[in-house]
Amino acid sequence: MTDQASNGGYGPRTQAVHHGTRRSQYGEMAEAIFLTQGFVYDSAEQAEKRFQGTGPDEFIYARYGNPTTRMFEDRIAALEGTEDAFATASGMAAVNGALFSMCRTGDHVVAAKALFGSCLYVLDLLVRYGVEVSYVDGTDLDQWQAAIRPGTKAVFFESVSNPGLEIVDIKAVADIAHAAGALVVVDNVFATPVFSKAVEQGADVVVYSATKHIDGGGRALAGVICGTRQFVREVAEPYLKHTGGAISPFHSWIMLNGLTTMDLRVRAQADSALAIAKALQGHPALSRVIYPGLADHSQHDLAMRQMGSGGTMIAIEVKGGKEAAFAALDRLNIVKISNNLGDAKSIVTHPATTTHQRLSDEIKAELGITPGLLRVSIGLEDTADLIADLNGALGA
Ligand SMILES: *Cc1c(COP(=O)(O)O)cnc(C)c1O
């Protein structure tokens, strides 16, 4: 029994609570965790038939699919506006799965330079297997135009870059890519599924680290690939089910519950982020406050058009470099020093010495990762408490 709460054109909060729920013969209210590796067949004939192909409510092995996981996949696909989705063990399994399943030796991929370190590693692996990868400044449409050529297999970028919060114009890049026959693969973590209109704007495949806003509590790793049924089930799924990137049913259940409250959480976090960015603007200890929701962000109009929000992340640059930045971090009480994001707990990261430590000084400078830069993920605490904590740390 499946709850299709999107078929009547229901809104996203209704879908987030009900869509995709599968109930067993017991009619349980809450989504059940099917913590099972496999499934029992009524007969040898049924087993044979199942191995010839499974329907949406037929399963054979948890590496291939599981009822709890299918509930999570159906729900996120409905929210993202795609035909289908495949859940994975982590965000990186989703990025790896999307790119490796679609590429062959000799293919050409164009990627934005400003990417999460592990995404850059996956692109290096593609090169090892004979895929050509060209890098561009994601905000420069002329560079995309020059790099994409007839036969380019795919373009890949973060719609909002980490940690510089630069926005890539999904629609403009998709128009260039589609004219050349390339697929548009978007890592949409910073935009969040709440503010995402990526598919509407031309993305063919959207990948998420569900570890971030979808969980929202920093409890478990997970990822998801959203796309057409053909791409998800015929391209991504065979690769993932045979190479072992399967999500645990328990983690699917955590993510399913995360989706239920995600809209409320992320909107509250983004409202708080805007208020905090405004409060920090012009702070004497800061040389820059970067937040796409502020009118002075160089891509503010694009951010509003593309997401309708500045999101939950702020970047600030402390005057006085690493020493001053570290001193500020060590004075924080509420905001935790860590490297996750999208959590209910506010988190601050010093990218130059942690998440982006391995990049050369030259590349750090190019990506705006200066010694004083801090990345702040705004959580669900009282906005006034966060402003007081940050002001206290910065020496207001
Ligand atoms: C965290 C993150 C990933 C990787 O996700 P994991 O769940 O940690 O594997 C990929 N891309 C972006 C933009 C991220 O922030």
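Everything numeric here is computed off the predicted structure, so don't read it as measured data.

A full pass over the atoms with the stated rule returns zero disulfides. Among the cysteines around Cys-103, which has no disulfide bond, Cys-119 carries the closest sulfur, lying 14 Å off. Not part of a disulfide, Cys-226 finds its nearest cysteine sulfur in Cys-119, a span of 15 Å. Note on Cys-226: relative accessible area 0%, which makes it buried.

Evaluation of the coordinates by the stated rule reveals seven aromatic pairs. Relative to Tyr-64, the ring of Tyr-61 has its centre 6.4 Å away and its plane inclined at 85°; by these criteria the two rings are edge-to-face. Note on Phe-100 and Tyr-239: the rings are 6.4 Å apart at their centroids and 25° apart in plane angle, and the pair reads as stacked. One end of the pair, Phe-100, is in helix α4 (residues 91-102); the other, Tyr-239, is in helix α9 (residues 229-243), with 139 residues separating them in the sequence.

Right, let's talk about the side chain of Thr-349 for a bit. Position of Thr-349 relative to the elements: it lies in strand β11 (residues 347-349). Under the relative-accessibility criterion, Thr-349 is labelled buried at 2%. Not counting residues within four places of it along the chain, the set of residues in contact with Thr-349 comprises Ser-338, Asn-339, Thr-354, Thr-355, Leu-373, Leu-374 and Arg-375.

All right, on to the site of the ligand then. Neighbouring the ligand are 13 residues; Gly-91, Asp-187, Ser-209, Thr-211 and Lys-212 lie closest to it. Gly-91 places a polar main-chain atom, nitrogen or oxygen, 2.9 Å from an oxygen atom of the ligand. Within the side chain of Thr-211, one N or O atom sits 2.6 Å away from an oxygen atom of the ligand. Partitioning the shell around the ligand into residue classes produces six nonpolar, four polar and three charged.

Side-chain pairs of opposite charge can arise whenever the charged atoms involved come near each other. Across all of its chains, the model carries 18 salt bridges by this definition. Across the salt bridge formed by Asp-175 and Lys-171, the nearest N and O atoms sit 3.1 Å from each other. On the criterion of helical spacing, the pair formed by Asp-175 and Lys-171 is a turn pair, its members being four residues apart in helix α7 (residues 170-179). Of the residues examined, Asp-175 reaches a relative accessible area of 45% and is grouped as partly exposed. With a shortest N-O distance of 2.6 Å, Glu-237 and Arg-233 are connected by a salt bridge. On the criterion of helical spacing, the pair formed by Glu-237 and Arg-233 is a turn pair, its members being four residues apart in helix α9. In this pair, the class of Glu-237 matches that of Arg-233, namely buried. Residues participating in the shared-partner salt-bridge network are Arg-70, Glu-73, Asp-84, Arg-229, Arg-233, Glu-237 and Lys-241.

The subject of this paragraph is the UniProt feature "modified residue: N6-(pyridoxal phosphate)lysine" (unreviewed entry) in the chain. In this structure's numbering, the residues bearing the UniProt feature "modified residue: N6-(pyridoxal phosphate)lysine" (unreviewed entry) are Lys-212. What Lys-212 contacts, discounting residues up to four positions off in sequence, is Val-189, Asn-340, Leu-341 and Gly-342.

Split into domains, the chain comes out as domain 1 (4-258) and domain 2 (264-394). Here domain 1 meets domain 2 over a buried area of about 2800 Å², counting both sides, of which 58% is carbon and sulfur. Our enumeration of links across domain 1 and domain 2 arrives at two salt bridges. Across the pair Glu-366 and Lys-113 runs a salt bridge, and its minimum N-O distance is 2.8 Å. Taken together, domain 1 and domain 2 are joined by 14 residue pairs in polar contact (both at pLDDT 80 or more).

Pairing is mixed in the open sheet, where five strands are placed in the order β8-β9-β12-β11-β10. The open sheet terminates on both sides in strands that have one partner only, identified here as β8 (286-290) and β10 (336-337). As defined by bridge partners, β11 adjoins strand β12 (residues 373-377) across three bridges and the pair is classed as antiparallel. Directly across from Val-348, in β12, lies its bridge partner Val-376. Helix α10 (residues 249-280) contacts β8 and β9 (313-318) of the sheet and is inclined by roughly 20° relative to β9.

Our focus in this paragraph is unusual backbone geometry. The omega angle of the peptide bond from Asn-162 to Pro-163 is 0°, so this bond is cis rather than trans. Summarising the element assignment, Pro-163 is placed in the loop between β4 (154-158) and α7. In this model, Thr-192 sits at a positive phi of 70°, which is unusual for a non-glycine residue. Along the chain, the position of Thr-192 falls in helix α8 (residues 192-195).

Parameters and conventions
- Residues numbered from 1 in each chain as written.
- Predicted model: local features only at pLDDT ≥ 70, side-chain atom pairs only at ≥ 80, totals over all residues.
- Heavy atoms only, no water.
- Disulfide = S-S within 2.5 Å.
- Buried < 20%, exposed > 50% of the residue type's maximum accessible area, 1.4 Å probe, protein only.
- Phe/Tyr/Trp six-rings, centres within 6.5 Å; stacked < 30°, edge-to-face > 60°.
- Helix = DSSP H or I, 4+ residues; strand = E, 2+ residues; numbered from the N terminus.
- Contact = heavy atoms within 4.5 Å.
- Near = heavy atom within 4 Å.
- Polar contact = N/O pair within 3.5 Å; in protein donor to acceptor, adjacent residues only side chain to side chain.
- Nonpolar A, V, L, I, M, F, W, Y, C, P; charged D, E, K, R; others polar.
- Salt bridge = Lys/Arg side-chain N within 4 Å of Asp/Glu carboxyl O.
- UniProt positions renumbered as here; feature names shortened; annotations may be inferred.
- Domains from an automatic or database assignment.
- Buried area = accessible area lost by both parts, 1.4 Å probe.
- Pairing = 2+ DSSP bridges.
- Axes fitted to C-alpha atoms, helices over the stretch in contact; angles between N-to-C directions.

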